[in-house]
Amino acid sequence: MCKKYRAQQLAYALDTEALIDTVMQRLCASKKLEKAAKQLFKDRNKYMSGVRRAILNMLHLLISTPTDEDEYKTAYLKARDDLAKAIAKVSGGRWKDYINLSDLLSDFTKGLVCKNYAPNDDCNEQNKGMHNRIPRTNSCILTYAKVLINSLLKEAESGYRFDGAFNAVAFVDACVLALEKDRYKAEIREFIGAAGISLDEFYLISIMLIGFQAIWYGMNNNGNPMPLLLASANARDHLIDTTLQPNEYGNIITSWLFYCSVVPHGECFVTKKYLLQWDEEAYRKFGNSFVWFYSRFGGHLTAIEQLIDDGSEIVFRFSGWLSLSEEEKADIRACRRINSEMMRLAAIMYRAEWKFSALTNTADIEMYNRLKASKGKGSDNTLIEKLQKRYASHVNYSTIDSAFNGETLDEEDLQELGGKYSHVIQAASEFAILEDDGSNAKSVCKAIDDIFTSREEGDNSWDTTKDARWLSFEKRCVEKGWAKKFALLKEQRSNKGATKVANDVAKKRKELGITGESSRAAVARMKPTAKPSWAA
């Protein structure tokens, strides 16, 4: 009987993991989210926080086969409400007024836009008690629910126009909390720590919300895949498998989704100058995505289909590109090139210890001279100062922050940044997996200690000793508000130091043939003259 039960449980586990694989593929989900979903299922019989258990229940509903529409919608609303209640309890209700589980299921949905996050200065609930904080009056939302649609209809020479927001466009936010823009990464980190979930489990919620919308769309549209548009590169990086190859038209089609790629955030169309950062090829791709997305809505929007063959100029129009003279276009292209070259040259100059004389590649020398004339005003010192600021800003506020928040950095990222910061980035990635209860503090401490012991090629920083690197890293952690968490590593460092001293004393006593006072007592009497703060 026991063998039969174990066999049944194994079969159930294998079948469920296969279902998770299938569902994640239908949603074009990233491998990290697929892995998180499988781990969540494996841990189903272990103790879980309320939020993690609610996410698991949502996963069970997502991979189940819907039968009756009313029953499915009721189950969806319950799973959604259970998750909201669990989030509301975290840290004494700190985030209860910022829960953002996006639009509800609707029979009228014809396509879905996934954006990055709802601003917390405009986060009143759109359906009382339903935790939807995406207002149709927000200018970024109206961009996709009205403005772009009418612009495409006009380009297609259709006489139809929408006066208000087009409710057939549904929205899901990649972040299930409405947070401040300036602190949203740090606050997400604080939330997942308090909620007892991982960063990938946090974003798993969003891909599941997209999945529920896709299932409901299929139930109301003869099983057809739901049109999906991502209005945020950040949402794409967290949710979507970027290794998937689109078809010849730039789309990825599964049984659940008609994924029309990534387009600029709505704010870029409101503040049009932001669109100038992309080139003409990107404008054409964005226009293609809009045409494929909206043309699948049917009805009055069928007229947009005629733009598929020749493409749309919609982004060219909004960016103001069509009204520019050739001289102005040439200037903007030059600015784009300079901005991209500044970061590349900053990494190159870092490896060259900021010395022009150390450059040997002809292309690098030409790029240096070109930027010296344009950005450095002919001065080596001015250019070097700007490059150093650009490099430090990129590393400190982008790459290291990403590592601290548990985002994976590949070898190419680390290589581009040079040796100086590579050990900090790797240590930050290890720190990101440190549990709040310190259960894995020993292994994390050892991993960081090993990182700080090694020396990367090209590392010419001042803090090259292990102790100095620990001091510098502690300062970074304290500045980011993680002093309490870093204390878990301090304790491990202190224990490690005491053990080493005890072993050294015992070894010396043995060599000298000393008996009597124990090595432990000897260690207790020792008063080190100086020690770093992490050994306090």
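Residues numbered from 1 in each chain as written. Predicted model: local features only at pLDDT ≥ 70, side-chain atom pairs only at ≥ 80, totals over all residues. Heavy atoms only, no water.

1. Here we look at helix 5 (residues 139-155)
Then step 1. Along helix 5, the sharpest kink reaches roughly 35 degrees, centred on Val 147.
Then step 2. All of the buried residues in helix 5 are Cys 140, Ile 141, Thr 143, Tyr 144, Ala 145, Leu 148, Ile 149, Asn 150, Ser 151, Leu 152 and Leu 153.
Then step 3. Tucked inside the fold, the buried residues of helix 5 contact strand 1 (111-115), strand 2 (169-173), helix 9 (266-270), helix 10 (280-295) and helix 11 (314-319).
Then step 4. Phi for Glu 157, located one or two positions after helix 5, is positive at around 60 degrees. (Bend = angle between axes of the 7 residues up to and from the residue. Helix = DSSP H or I, 4+ residues; strand = E, 2+ residues; numbered from the N terminus. Buried < 20%, exposed > 50% of the residue type's maximum accessible area, 1.4 Å probe, protein only. Contact = heavy atoms within 4.5 Å.)

2. Topic: the nonpolar core
Then step 1. Ranked by size, the top nonpolar core spans 73 residues in total, and within it Phe 191, Phe 202, Ile 207 and Ile 210 carry the most contacts.
Then step 2. The residues touching Ile 207, leaving out its near neighbours within four places in the chain, are Leu 27, Ala 29, Leu 33, Leu 239 and Ile 240. (Core = buried A, V, L, I, M, F, W, Y, C linked by side-chain atoms within 4.5 Å.)

3. Considering the packing of helix 6 (residues 184-195) against helix 7 (residues 199-220)
Then step 1. Contact geometry of helix 6 with helix 7 gives a least axis separation of 9 Å together with a crossing angle of 100 degrees. With respect to each other, helix 6 and helix 7 are oriented roughly perpendicular. Taken together, the residues of helix 7 that come into contact with helix 6 (itself represented by Ile 188, Phe 191 and Ile 192) are Leu 199, Phe 202 and Tyr 203.
Then step 2. When its residues are assigned to classes, the contact of helix 6 with helix 7 shows 6 nonpolar, no polar and no charged. (Axes fitted to C-alpha atoms, helices over the stretch in contact; angles between N-to-C directions. Parallel < 35°, antiparallel > 145°, perpendicular 65-115°, else oblique. Nonpolar A, V, L, I, M, F, W, Y, C, P; charged D, E, K, R; others polar.)

4. Examining the side chain of Ser 49
Then step 1. When you line up the elements, Ser 49 lands in the loop between helix 2 (31-42) and helix 3 (50-63).
Then step 2. Residue classification places Ser 49 among the buried positions, given a relative accessible area of 17%.
Then step 3. Not counting residues within four places of it along the chain, the set of residues in contact with Ser 49 comprises Ala 195, Gly 196 and Ile 197.

5. Here we look at the pattern of salt bridges
Then step 1. With the rule as written, the count across this model stands at 20 salt bridges.
Then step 2. Between Arg 333 and Glu 280 there is a salt bridge whose closest N-O contact spans 2.6 Å. Here Glu 280 lies in helix 10 and Arg 333 lies in helix 12 (residues 326-351), a separation of 53 residues in the sequence.
Then step 3. Between Lys 372 and Asp 380 there is a salt bridge, with its nearest N and O atoms 3.2 Å apart.
Then step 4. What emerges from the salt-bridge pattern is a single network uniting Asp 43, Lys 46, Arg 52 and Glu 201. (Salt bridge = Lys/Arg side-chain N within 4 Å of Asp/Glu carboxyl O.)

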